[in-house]
Amino acid sequence: MSILSNMFDTLVTRDADNKLAPGLATEWKTLNETTWQFKLRQGVKFQNGEPFDANAVKFSIERLLNPATKSPIVELNTVKSVEIVDPYTVNFVTSAPDPILPNKTTLFGGVIVPPKYIQEKGDDNFAKNPIGTGPYKFVSWQKDNRVEMEANPDYWRGVPKFKKLTFRIIPNPADMVAALKTGEIDIAASLSADVADQLKNESSVQVNSNPWIRTFYISLDTTQDGPLAKKEVRQALNYAIDVDTMIKTVLGGHAAHVSTLIPKQNFGIDTSIKPYEYNPDKAKQLLAQAGYPQGFSISLDATNADSNNVQAIAGQLAKVGVNVKINLLDSATLVGNITAKKASPLYYIGNTGWTMDALSNFQSYIKSDRRYNRWKNAEADKLIDTEEQSVDPKVRQEAFTKLQVLLKEEAPFIYLYQLDGIYGMRKNIQWTPSPTGVLNMYGASIK
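Keep in mind the model is a prediction, meaning the values are calculated, not measured.

*Asks:* Help me get a handle on the sheet that holds strand β6 (residues 89-94), residues and values and all.
*Replies:* With antiparallel pairing, four strands are arranged side by side in an open sheet as β3-β4-β6-β5. Two strands lie at the open edges of the sheet, namely β3 (25-32) and β5 (79-86), each paired on one side alone. Direction aside, the axes of adjacent strands within the sheet are offset by 20° on average. One ladder, built from six bridges, connects β3 with strand β4 (residues 35-40); its direction is antiparallel. Counterpart to Thr30 in the pairing with β4 is Trp36.

*Asks:* So, the sheet that holds strand β8 (residues 146-151): which residues are in play, and what are the values?
*Replies:* If you walk across this open sheet you meet the three strands as β7-β8-β9, and the pairing is antiparallel. Pairing within the sheet leaves two strands with one partner each, and these edge strands are β7 (136-142) and β9 (164-168). The mean angle between the axes of side-by-side strands here comes to 20°, regardless of whether they run parallel or antiparallel. Direction of pairing for β7 relative to β8: antiparallel, over a ladder of six bridges. By the bridge assignment, Lys137 is partnered in β8 with Glu150.

*Asks:* I'd like to hear about helix α11 (residues 331-339), residue by residue, with values.
*Replies:* Along an α-helix, a turn takes 3.6 residues, which lines up residues three or four apart on a common side. If you check the start of α11, you find a side-chain oxygen 3.1 Å away from the backbone N of Ala332, and it comes from Asp330. Positive backbone phi, approximately 60°, marks Lys341, located one or two places after α11.

*Asks:* Please set out the pairing of strand β14 (residues 322-329) residue by residue, giving values where relevant.
*Replies:* Pairing of strand β13 (residues 296-303) with β14 involves eight bridges; the strand directions are parallel. Within β14, the position partnered with Asp301 by the bridge is Asn327. At this point the chain moves from β13, through helix α10 (residues 307-318), to the parallel β14, and the crossover so formed is right-handed.

*Asks:* Requested: an account of the nonpolar core, with residues and values cited.
*Replies:* Within the largest apolar cluster, 66 residues are counted, with the highest numbers of intra-cluster contacts made by Ile218, Val322, Tyr348, Phe362, Ile366, Leu416 and Tyr417. Considering each element in turn, this core owes the most residues, six residues, to strand β16 (residues 413-426). Apart from residues lying up to four places away in sequence, Leu416 is in contact with Phe216, Tyr217, Ile218, Ile241, Val243, Ala256, His257, Val258, Ile313 and Tyr348. Formed by 44 residues, the second largest nonpolar core is a distinct cluster that contains Ala25, Phe59, Val79 and Met149.

*Asks:* Could you give an account of the pattern of salt bridges, naming the residues involved and the relevant values?
*Replies:* Considering all chains together, one arrives at 15 salt bridges under this definition. A salt bridge links Lys367 to Asp385, with the nearest nitrogen and oxygen atoms 2.6 Å apart. Of the two residues, Lys367 is situated in the loop between α12 (358-362) and α13 (378-389) and Asp385 in helix α13; the sequence distance between them amounts to 18 residues. On the basis of relative accessibility, which here comes to 16%, the residue Lys367 falls in the buried class. Exposure remark for Asp385: the relative accessible area of 26% places this residue in the partly exposed category. Each of Asp357, Glu387 and Arg396 takes part in salt bridges that share partners, so that together they form one network.

*Asks:* I'd like a rundown of the environment of Thr245, residues and numbers included.
*Replies:* Relative to the assigned elements, Thr245 resides in helix α8 (residues 243-249). With a relative accessible area of 36%, Thr245 lands in the partly exposed category. Within the structure, Thr245 has its side chain in polar contact with the side chain of Asp242 (distance 2.6 Å).

Criteria and thresholds
Residues numbered from 1 in each chain as written. Predicted model: local features only at pLDDT ≥ 70, side-chain atom pairs only at ≥ 80, totals over all residues. Heavy atoms only, no water. Pairing = 2+ DSSP bridges. Helix = DSSP H or I, 4+ residues; strand = E, 2+ residues; numbered from the N terminus. Axes fitted to C-alpha atoms, helices over the stretch in contact; angles between N-to-C directions. Polar contact = N/O pair within 3.5 Å; in protein donor to acceptor, adjacent residues only side chain to side chain. Right-handed = clockwise from strand over helix to strand, strands pointing away. Core = buried A, V, L, I, M, F, W, Y, C linked by side-chain atoms within 4.5 Å. Buried < 20%, exposed > 50% of the residue type's maximum accessible area, 1.4 Å probe, protein only. Contact = heavy atoms within 4.5 Å. Salt bridge = Lys/Arg side-chain N within 4 Å of Asp/Glu carboxyl O.

What follows is the structure, encoded as structure tokens:
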């Protein structure tokens, strides 16, 4: 999405304050509980000269929903049809009320593609030679190496300040730091705290640490017989981890303690609900109360990149008698195991609620019928239905608050932290990162 956001525009975007703002759609409103209407920007063209209009929107969304070309992204799963009202007005008709449909069109669900070009050249050609309405035009791609683009001289918002834009894949952090120091690259994204420390004294480089909306937690399989089926054990695990100290030491201060799964920027958070405090004595007491005075052994899955974090967590759990066997996997294997319900009783994962609404933080994990659910609770199911289907912000916030109270009490996860996005940048570069982590470079410039 970081690469595509520079070649394609979305229906709705976000302003400097992360509020919803016009993109290819200039305005939007609800006509009734199951219809959103979008007014479209006139005079916009795709990079091949093809006009952007209502037909392009209908084609793009139906392409996402068509079983033959369906996107794995589920955010637009409520959309039943897209109806053209006039050349620059479309109605999204949904199967149920969808209170945050405009939010869902700010990234994956709102990318608009050229119908005529795809119909004439085919999907395979489009995948290798993408054309959008965005600020940069595709030039070349080397698999696992780089994507090169050039400025779109006819971009509707104005020509980008850089003539060329290159995204490089540099898996080794040391190589990325070296490339930044020499000026081979201008921005190094998604740095870890220890890598960022290596750049602190570099005269030509600045380290930019911005609050990110990615929260990290450990999923607990409460559906199987054993320790995790007991609420007291799950609460004990939360009390056993000194998250604040972990943030200061392992994460270099580049994170914030969370009370549940919601980052502080997202609609729905209730800041009156405080995180679990560190209390190992309370953890031991709860374990004994649950019938595990000597603790127990359990396995935890995580990605190789998260090794330091889970080692620290396992060390703290060991202090209250919970011995953790860590299985380190590549990211694809971990996600595959989670999806196939083959993951260990504990797994460490991060989730970005990129719609900036708590609906996205909860949607795959909480309700009993969802793909990553490992906790069954009838009250939670009802609250999810309320916040997903009501269009009244007050009703939704009330449901979100009750959900957070319930999640803290029942503890189906170990709640950890919200990471900052850490970037190394050459000092002559001016660019403000997005809290979603998407690298949209249109606004970047040189001092």
